[in-house]
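Each chain is listed here by its residues.
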Amino acid sequence: MKKYLLALGAVAALMVPQVAGAEGFAINEWSAEGVAMGGARMFAENDAASVAYNPASITKIHGEALKNSVTYLSPHGEYDLYKNNKNIESGKNVVHPGWAGSTFYVKQVNDKDWFGIGAFSRFAMVSEFERSSIASNNAFFSRLNGVSLTPTYAHKFDDKWSAAVGAEINYAGLELQKNIAVGKLGTTQIKGESYALGWNAAANYTFDDKNEIGVVYRSRITHSLEADLKGYGLPGGDVFTDAYGVVTLPDSWSIGYNHKFDDETRVELNATRTNWSTYDALNIKFGAPILGQTSSYADKNWESGWRYAIGVEHKLSDKYAVMAGFAFDEGCIPYDGGDFMVPTGDRKTYSIGARYNDDKQTVAIALGWMDVGSLSFKGGAFDGYDHANTHDSFTKIASISYQRSF
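**Regarding the packing of aromatic side chains**
Step number 1: Taken as a whole and assessed by the stated rule, the structure comprises 23 aromatic pairs.
Step number 2: Ring plane angle 50 degrees and centroid distance 5.2 Å describe the contact between Trp199 and Tyr217, whose orientation is recorded as tilted. Here Trp199, found in strand 8 (residues 187-206), pairs with Tyr217, found in strand 9 (residues 211-218); they are 18 residues apart in sequence, far enough to count as distant.
Step number 3: Here Trp199 falls in the partly exposed class, since its relative accessible area comes to 44%.
Step number 4: Taken together, Tyr79, Phe129, Phe340, Phe377 and Tyr385 form an aromatic cluster joined through their ring pairs.

Printed below as a string of structure tokens:
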């Protein structure tokens with residue numbers, strides 16, 4: 001059974017680049033328990049997903065544990081386009097559900113040392129709009145698939161201090177499609193992938209049997225993306241060439257606080273600062289001219305922002321528990337840096353969940369609803385509109401996790 005579960009976890013890890021994705025950019029849905037608690041899951045007991053939420057907390061695992069999770073995300077939203085102060089088009093996104101899969105393994109080496117490894121998405125998105133729409137001049141299909149493989153070492157210094165450090169092998173697969181004058185001058189597709197390295201570090205401090213604090217840092221990761229560029233239906237004929245760009249995924253700081261009211265109930269508070277300002281431009285160079293252009297430059301100038309979360313966990317008995325959470329993500333996209341690739345504003349997520357566990361296994365389920373908010377942004381020179389507004393946007397979330405202890 002153990003070998004079978006390890007093999008299943010390896011398969012799940014390999015599947016992640018093909019299936020991960022949700023409208024948005026940063027992914028926090030790494031386990032059903034994490035979804036249920038709004039992402040405030042830094043101090044969980046005996047949870048292998050701590051590799052993602054807070055590596056220093058893998059010191060709370062006794063023996064070995066393997067965990068697999070799958071999260072379903074279904075984005076919905078509407079938009080309006082304006083030119084000369086007149087509404088020239090209204091529409092909605094093509095509902096394009098995404099799946100975020102993850103797998104984690106943790107082994108206690110001795111009383112002081114732990115090893116863990118995880119495969120999960122930190123950044124991913126997919127958005128799609130009707131190909132005949134004016135919005136398609138900006139983007140009618142955008143996808144970023146991402147997976148992080150994070151080998152981690154954790155050490156428990158004493159009853160109060162624990163810390164962890166790890167490497168991150170990050171995969172990014174990017175695909176962008178857009179029309180030129182709603183297809184009258186052709187369609188372009190850019191598709192490529194890249195691997196890059198990063199690192200992370202974490203520390204926990206326990207004040208007493210009821211209070212604990214922790215901090216996690218994840219480094220920025222710079223991808224040098226080599227891609228294939230295809231232009232169809234262009235006035236001078238189809239073009240097949242290469243393209244090159246640099247994509248920097250931001251670094252982040254998380255700080256969390258855990259309070260146990262008693263043996264049954266606890267609450268977590270979490271704040272994460274993500275340096276989205278690293279996404280200052282989307283610049284792509286072409287190997288051959290497209291309509292006389294050898295590159296595409298677009299200023300983004302995103303702003304760094306905070307994510308706040310609160311999660312509550314209550315044990316109904318030794319085997320059953322319920323959870324609830326709320327998270328708020330600050331909008332980071334300025335008016336002159338928005339697009340239909342990531343049309344999101346301030347996000348509010350409401351979630352609930354339940355868990356069953358015995359000595360050897362844990363099963364958890366969660367449901368969430370994300371109010372994606374509205375976003376107004378400026379149209380580009382060739383987009384066909386002066387400005388756009390996305391509104392009535394939301395994402396449905398459902399997640400399930402299974403953990404086996406050895």
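**Structural notes on the confidence of the model for the chain**
Step number 1: Looking at the chain as a whole, its pLDDT mean stands at 89, while 94% of the residues score no less than 70.
Step number 2: In the model, residues 1-23 has pLDDT below 50 throughout and makes 50 contacts with residues more than four positions away in sequence or in other chains.

**Digging into the nonpolar core**
Step number 1: Ranked by internal contacts, the top residues of the largest apolar core, which has 39 residues, are Phe25, Leu81, Leu144, Trp302, Phe340 and Met341.
Step number 2: For this core, the secondary-structure elements that each account for two or more residues are strand 1 (64-83), strand 7 (161-179), strand 8, strand 10 (221-232), strand 11 (239-249), strand 14 (281-290) and strand 20 (375-378).
Step number 3: Every residue in contact with Phe25, bar those within four places of it in the chain, is listed here: Arg122, Phe123, Ala124, Met125, Leu144, Leu249, Trp276, Trp302, Val342 and Arg347.
Step number 4: If you look at the next biggest cluster of nonpolar residues, it comprises 17 residues, including Ile27, Val51, Val106 and Ala154.

**Some words on the environment of Pro343**
Step number 1: Relative to the assigned elements, Pro343 resides in the loop between strand 17 (320-329) and strand 18 (347-357).
Step number 2: For the pair Pro343 and Gly77, spaced 266 residues apart in sequence, the C-alpha to C-alpha distance is 9.1 Å.

**Section: a negative patch on the surface**
Step number 1: Judged by side-chain charge, Asp208, Asp209, Asp262, Asp263, Glu264 and Asp318 come together as a negatively charged surface patch.
Step number 2: Mapped onto the elements of the fold, Asp209 is located in the loop between strand 8 and strand 9.

**Remarks on the pattern of salt bridges**
Step number 1: On inspection of all chains with the given rule, the structure shows 14 salt bridges.
Step number 2: Residues Glu212 and Lys60 are paired through a salt bridge, measuring 2.9 Å at the closest nitrogen-oxygen approach. With a gap of 152 residues between them, Glu212 in strand 9 and Lys60 in the loop between helix 3 (50-53) and strand 1 connect regions that are remote in the sequence. Take Glu212 and Lys60: they sit in the same class, and that class is buried.
Step number 3: The partner of Asp251 in a salt bridge is Arg220, and the shortest N-O contact between them spans 3.4 Å.

**Side note on the pairing of strand 21 (residues 387-405)**
Step number 1: Bridge count between strand 1 and strand 21: 17 bridges; the pairing is antiparallel. The partner of Ser74 across the bridge, within strand 21, is Lys396.
Step number 2: In the sheet, strand 19 (residues 361-371) pairs with strand 21 via 11 bridges, with the strands oriented antiparallel. Bridge assignment links Val363 to a residue of strand 21, and that residue is Tyr402.
Step number 3: Pairing of strand 20 with strand 21 involves 4 bridges; the strand directions are antiparallel. Paired with Phe377 across the bridge in strand 21 is Ala388.

What counts, and at which threshold
Residues numbered from 1 in each chain as written. Predicted model: local features only at pLDDT ≥ 70, side-chain atom pairs only at ≥ 80, totals over all residues. Heavy atoms only, no water. Phe/Tyr/Trp six-rings, centres within 6.5 Å; stacked < 30°, edge-to-face > 60°. Helix = DSSP H or I, 4+ residues; strand = E, 2+ residues; numbered from the N terminus. Buried < 20%, exposed > 50% of the residue type's maximum accessible area, 1.4 Å probe, protein only. pLDDT = per-residue confidence, 0-100. Contact = heavy atoms within 4.5 Å. Core = buried A, V, L, I, M, F, W, Y, C linked by side-chain atoms within 4.5 Å. Patch = residues over 30% accessible without salt bridge, like charges linked within 9 Å, V, L, I, M, F, W, Y side chains within 5 Å. Areas by Shrake-Rupley, 256 points an atom, 1.4 Å probe, with all protein chains shown as cover. Salt bridge = Lys/Arg side-chain N within 4 Å of Asp/Glu carboxyl O. Lys, Arg positive; Asp, Glu negative; His and termini not counted. Charge placed at Lys NZ, Arg CZ, Asp CG, Glu CD. Pairing = 2+ DSSP bridges.

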